[in-house]
Each structure stands twice: as structure tokens, then as C-alpha cells.
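A structural walkthrough
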Amino acid sequence: MHETFKSLPKDPAELRAVSELMAAEIKSQAYQIEKLKKELAGHRKARFGSKSEAMDQLAFDLQEDIEIAAAAQKTAPADDADETTPAKRSHNRAPLPDHLERQEEILSPGDACGDCGGALRQLGEDVTEELEYVPGHFVVKRIVRPRMTCTCCEAFAQAELPSRPIPRGRPGPGLLAHVLVGKYCDHLPLYRQSEIYARDKVNLHRSTLTGWVGQSTALMEPLAAHIGKLVRAGPALFADDTPVKMQAKGRAQTARLWSYVRDERPWCGQAPSCAWYQFSVDRKGEHPSSHLKGYKGVIHADGFTGFNALFGDGKAREQACMVHVRRKFVDIYESEGSAIAEEAIKRIAALYGVEKEARYNPAEERVALRQEKAKPVFDDLEAWLALQLPKISGKSTLAGVIRYALGRMPKARAYLEDGQLELDNNICERSIRPVTLGRKNYLFMGSKGGGDAAAIAYTLIETCRMNKIDPEAWLTWVLARVADHKMTRLHELMPCWGGRLPTASQCAMVSSL
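Residues numbered from 1 in each chain as written. Predicted model: local features only at pLDDT ≥ 70, side-chain atom pairs only at ≥ 80, totals over all residues. Heavy atoms only, no water.

Section: the pairing of strand β5 (residues 274-280)
Note the cut-off: Partly exposed residues are those whose accessible area sits between 20% and 50% of the maximum for their type, while under 20% is buried and over 50% is exposed, using a 1.4 Å probe and protein chains only. In this description a helix means any DSSP run of H or I spanning at least four residues, a strand means any run of E spanning at least two, and both kinds are numbered starting from the N terminus. When DSSP finds two or more bridges between two strands, those strands count as paired.
For β5, the buried fraction is high: six of the seven residues fall into the buried class. Where strand β4 (residues 251-262) lies against β5, seven bridges are found, and the strand directions are antiparallel. By the bridge assignment, L257 is partnered in β5 with F279.

Quick look at the structure:
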């Protein structure tokens, strides 16, 4: 090809043919350059760019540092300041919580007057409250069981030792809960926790902590499985996955954590919110097919082909995610400044304006609102994209994005007629954030067993968080009971009731799953 361009023919017909060949070559190279620039921009954004999609969050938020500097400047002494005049408070502060323990310190001027020596009597008092922190500390719980004998018949009697989370183990349920929450909620690797405990002169080796995590998560595996049943019992769920590194044969391979979420709060559903995680060593489609086998509701998904086996006649229905459509237009706009991409982003934003108004309303009201305000925008967007496609080169990146959008929008349309569905899969993507934060700290899973243990812990902790329950308090409570609890009554231990014991009807609903 390039040899042809070095020597141009003199014959006009041949010259015209070579010119056409050169134009085709230039056009092909232009497309290739555009593709490579797009890929380079995507890699740069993934590595260095902001992860937020909101326009007001594209820059780093430095407000916290600005406020710290301002507070330090106010604290600095001024030469001409009147030390007797108290500084005026710029805002009213909320009172400290009533449930916190109060430790009083009384500062008395004495019983005698400093001027005349007369007796003082109290007129009232001024109370100043300050918030203090007492670091957590270890305690040793001694379980004493006296051995008794009858004075008449000499029969022997002794109380039974209560069940413990780890038989013949030393950790109590509170310590196990603290370790689990530290690793899977606060993202502290076990070696770092071991160093923290060593500051209290309590030596707990990392290998000891790993054993405790493995045994305690295995003990609570039936609870996680029960949450999985509750997730699959809903009319709609949200599904997604995220990569995690797993150590295997001296190297790290890419494994997967799958997240399945049931959240009916946006349409005022009565079922508790639940998140169920599963671990796999790869991303084959057989895994979601196994996890959601027999499910016939609606699955919010991102278009990953591994979910395709779940959809079809007599199977589940797919609800496409418009956030993924929007992201592709955002990438085009940021790399090329395309006016078509900008207009598409604005039209999708109008759909989300309607969703903001519809959120936390009953399903029937959501449908009425969407039919009135969202359906015309959705229809116009789909028709407008179809009109733009013939106007641009079919090989361009923008054309590929438009074809992707036109392929996904028919699968997203169902939300307009069903108030139980969402426009996107953001609910599931939010459930993956703890995993992405955690993997930056512990870097990789040590084995498949470690991945399974992480899936159990994430299931229990994230379900607690979705229901506004303190995960450490709940884990402490459940670890003290689960060993002796009947498998047929696991619903009584579920962290899905907003901090309350379940009602009889709720027990019946969950126990029937």
C-alpha cells in the first residue's frame, strides 16, 4: 500500500484510482486514530480521573481542608484582641445525644466568700458539656461454674457451660464481631488489626484472626443463605459483579464477587432491604445462572452477556440500565466535545429529573408520573437517536454508542409501566462500593475459601447497613445465639427489621421462603 504512494502514475485514470485509494487509506487511519485516542482517554480517566459522574463532583472536594485552615486561623491569638470578650459563635450547635453516659465534674468556689468570709449559698449553676472519647479496651470475661454436691445424697451438680461461637476458643462474640466489622466494614486488614491490638499489649497474631474470621463466617453461613432466599423472593432484584484479586499458585488471578440486591424502599414496599453476595473464581455466565436459578422476576442488569441465560420465555425479564447508556455519551463528550453526545446527556438528565420526583412514592403514583412526564422524553430520545445515526459515519465511536443506546432502550422501557422497577442499576452498584474500598486495603483474597467467607460477611454487614442497624451490635447479638438456634427459626435472627424483633406476619413471610 505505502509502496504505491511513493511513485504516482502519469495516466489520469490510474492517478484517479490511486487518489481514491489514498483517500480510503486516510479515512481508515483517521478512524483508527480516533479509536486509539478514545481508548487512551478512557484509560487515563480510569487511572487518574474522577469516579463520580455528577458535574458538580468532577473536581476534588477540598472544602474540608479549607474549613480546617479557617478554624486554625480563628484560633490563632490576635495582639489587639480583648481577652475578656468571648468570641461570638457563628452558628447554633445541636445538643449532645441524651443516650451518652454523663461524667460530672463539679468545680466549686468553696463554702466561704472570698471577699468577706461569709457563707455562700447556691443560686443556680452553669453547665458546660464537652464530647470526649474513651478508647475501646479489652476485658476478660470469667465464667465461673461452681461444682456442687448434695449434703444428703452426695449427688454432683454443676451448671452447663453456655455455647460459644468457637468451641474451645477464647474469643467472645463481641471480639469476633469487632474483627469482622473492622475487616469488612471499616476495611482494616487483619495484620493491621493485629498491630492495633498490640498497642493494648494483647498479642493476637494475624493467623489467629484469620482462623476466627473463617470459623465465625462458617457459623453464620445459614443466615447468609437465608438472606439469599429473601432476595430471590422479590418481584425485582438488582444484579452486578466486581473484580477482586485471588492468590492462586504463586500469582494473583481475577476472581469475582457477585452482588444481588432487593430494595423496595423507592416504591414504599414492605419487604426489608437485603444484599446477597456470592464469590466465584472467574466471570463465567454459569455463576449467575446458578445463583438465580428458577428466578422469574425482573433483573436489573448492565448488559453483561453472562446474564443472558437467565432471560427468556418462562424465565426472568431484563431491565436495562440507563446509567450505562449515559456513561458512554459522557465519555464521548469528554473526549470529543460532541454536540450530539451533549444533547443526549441533557435528555437523559430530564428522565432523571422525573425519577427524583417519583422516588419514595407508591408504585401506582410512580407509574402515573412516569407516563405523564417521562414517557414523552423517553420516546423523543429514542426517535432522536435513530435520526442522528444516518448523519454520522457508521464506523465512528459515537455511532457505536448510539447503536448501543438504541439496543438497550427497548429493554429499559418497562420501567415506564411498572412502578416497582428503576431506571438504572445504581442500587446494586452502591452495594459494591464497600468491596471496592476493601480491596484497596487487603489487595487480594487468599483463596476461594477466603472469598466465600468475605461474601458471607459482606452479606450480613451490608444488609445491616441497608436497614440502619449497627452491624457490630447485631453481629455480637447473633454470634452469642446462632450456635444453639434452630435452623427452622433463622428468620428470628435476620438483620432486616429496622432494629426491631420481627412481627408474627413478617416471621411467617420469611420462614416460608
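The discussion continues.
Structural notes on helix α11 (residues 363-388)
Each α-helix turn comprises 3.6 residues. Residues three or four places apart therefore point the same way. Convention followed: The seven residues ending at a residue and the seven starting there each receive a fitted axis; the angle between those axes is the bend at that residue. When checking whether two residues touch, look at their non-hydrogen atoms; a contact exists if any pair is within 4.5 Å.
At A374, α11 shows its maximal bend, which comes to roughly 50°, and the proline P376 appears one to four places after that position. Restricting attention to buried positions, one finds in α11 the residues A363, R366, L369, R370, A374, F378, L381, E382, W384, L385 and Q388. Where α11 is buried, its residues contact α9 (322-336), α10 (339-358) and α12 (397-412).

So, the nonpolar core
Rules: The criterion is simple. A nonpolar core is a set of buried Ala, Val, Leu, Ile, Met, Phe, Trp, Tyr and Cys residues joined through side-chain atoms within 4.5 Å.
In terms of nonpolar packing, the biggest core is built from 68 residues, with L223, L257, I299 and L475 touching the most fellow members. By residue number, the principal contributor to this core is helix α14 (residues 448-466), which donates nine residues. Among all residues touching I299, those that are not within four sequence positions of it are L237, A239, L292, L310, F311, A316, R317, E318 and Q319. By size, the runner-up hydrophobic cluster in this structure holds 32 residues, among which are A320, M322, I340 and A412.

Re the pattern of salt bridges
When their charged atoms lie close together, side chains carrying opposite charge are able to pair. The test is simple: Any carboxyl oxygen of Asp or Glu within 4 Å of a side-chain nitrogen of Lys or Arg constitutes a salt bridge here.
Inspection of every chain in the model, using the stated rule, returns 19 salt bridges. Here R283 and D241 are joined by a salt bridge, their closest N and O atoms 2.9 Å apart. Of this pair, R283 sits in the loop between β5 and α8 (286-291) while D241 sits in strand β3 (residues 236-248), and the two are 42 residues apart along the sequence. For D241, a relative accessible area of 7% puts it in the buried group. E264 is paired through a salt bridge with R262; the nearest N and O atoms lie 2.9 Å apart.

Structural notes on the packing of aromatic side chains
Each aromatic ring pair is specified by the distance between its two centres and by the angle formed by the two planes. Selection rule: Any Phe, Tyr or Trp ring, taking Trp's six-membered ring, that has another such ring centre within 6.5 Å forms a pair; planes under 30 degrees apart are called stacked, those over 60 apart edge-to-face, and the others tilted.
Scanning the model with the defined rule gives eight aromatic pairs in all. Consider the rings of Y184 and Y458, whose centres lie 5.3 Å apart with planes at 75°: the pair is edge-to-face. Highlighted residues: Y184 in helix α4 (residues 173-184) and Y458 in helix α14, separated in sequence by 274 residues. Between the aromatic rings of Y277 and Y458, the centroid separation amounts to 5.8 Å while the plane-to-plane angle is 45°, which identifies the pairing as tilted. Here Y277, found in strand β5, pairs with Y458, found in helix α14; they are 181 residues apart in sequence, far enough to count as distant. Given a relative accessible area of 2%, Y277 falls into the buried group. Taken together, the ring pairs in this structure connect Y184, Y277 and Y458 into an aromatic cluster.

This is a description of form; function is not addressed.
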